[in-house]
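Letter by letter, the chains look like this.
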Amino acid sequence: MRVVVDLTKCEGYAQCAFLAPEAFRMVGDEALLFDPAPSAELGEKVLRAAAACPVQALQVDLADLPVPPPAETVVAATDDRLRREGRIVVAGLWKAAT
Ligand code: SF4
């Protein structure tokens with residue numbers, strides 16, 4: 001896992017230091033020190049810290065974390081009903097521009 005903080009955006013609010021103190025630490029009133037490659041065990045804390053950053057200054061790259069296996073495919077109908085009836089319902093919300 002790699003972490004990058006855009007220090008031109010960081011306002012020193014310290015939410016990251018509160019949520020993942022192992023990876024982020026405030027020094028003085030506004031300076032942020034951070035681990036650019038925290039361990040995988042801190043993944044959840046670091047992701048929460050990134051989500052909580054009010055200015056979205058924290059970017060997390062998960063490219064080197066293990067990829068979970070794909071979810072099993074769910075088959076809605078095991079018979080041939082869809083092919084026979086040929087109907088599909090698509091539900092959604094649409095709002096016309098005014
Ligand atoms: S939460 Fe965001 S703005 Fe606050 S110190 Fe961390 S990176 Fe900076």
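Attention in this report is confined to the structure presented alongside it. (Residues numbered from 1 in each chain as written. Predicted model: local features only at pLDDT ≥ 70, side-chain atom pairs only at ≥ 80, totals over all residues. Heavy atoms only, no water.)

1. As for the pattern of salt bridges
Heads up, the condition is: Note on definitions: salt bridges are taken to be side-chain nitrogens of Lys or Arg within 4 Å of carboxyl oxygens of Asp or Glu. Numbering of helices and strands runs from the N terminus; a helix is a DSSP stretch of H or I covering at least four residues, while a strand is a stretch of E covering at least two. A 1.4 Å probe rolled over the protein chains alone gives each residue an accessible area, and that area as a share of the maximum for its type sets the label: buried under 20%, exposed over 50%, partly exposed in between.
Using the criterion set out here, one finds three salt bridges in the structure. A salt bridge links glutamate 22 to lysine 45; its shortest N-O distance comes to 2.6 Å. Note that glutamate 22 is positioned in the loop between helix H1 (15-19) and strand E2 (24-27) and lysine 45 in helix H2 (residues 43-52), a separation of 23 residues in sequence. Since its relative accessible area comes to 45%, glutamate 22 is described here as partly exposed. Using a relative accessible area of 35% as the deciding quantity, one classes lysine 45 as partly exposed. Residue glutamate 44 pairs with arginine 48 through a salt bridge whose shortest N-O separation is 2.7 Å. Of the two residues, glutamate 44 and arginine 48 both sit in helix H2, four residues apart, roughly one turn of that helix. The pair formed by glutamate 44 and arginine 48 is uniform in burial state, with each residue classed as exposed.

2. Description of the nonpolar core
The test is simple: Take the buried Ala, Val, Leu, Ile, Met, Phe, Trp, Tyr and Cys residues and link them wherever side-chain atoms come within 4.5 Å; each set so joined is a nonpolar core.
Among the nonpolar cores identified, the biggest contains 16 residues, and Val3, Val5, Cys16, Phe24, Val46, Ala49 and Leu58 are the most heavily contacted of them. Put simply, the parts of the chain that give this core at least two residues each are strand E1 (2-5), H1 and H2.

3. Notes on the site of the ligand
What counts, and what does not: One heavy atom suffices: a residue is near a molecule or strand as soon as one of its heavy atoms comes within 4 Å of it. For each structure, a 1 Å grid was placed over the protein atoms alone; sets of points admitting a 1.4 Å probe that cannot get out are labelled cavities, open sets with protein on both sides within 12 Å along at least five of seven lines are labelled pockets, and lining residues have an atom within 4 Å of a point. Pocket or cavity membership: a molecule qualifies when more than half of its atoms sit within 2 Å of the grid points of that site. The residue classification treats Ala, Val, Leu, Ile, Met, Phe, Trp, Tyr, Cys and Pro as nonpolar and Asp, Glu, Lys and Arg as charged. All others, Gly included, are polar.
Surrounding the ligand, one finds Val5, Cys10, Glu11, Gly12, Tyr13, Ala14, Gln15, Cys16, Leu32, Cys53 and Val55. Here the ligand is seated within the largest cavity. Class assignment of the residues belonging to the shell around the ligand gives a composition of eight nonpolar, two polar and one charged.

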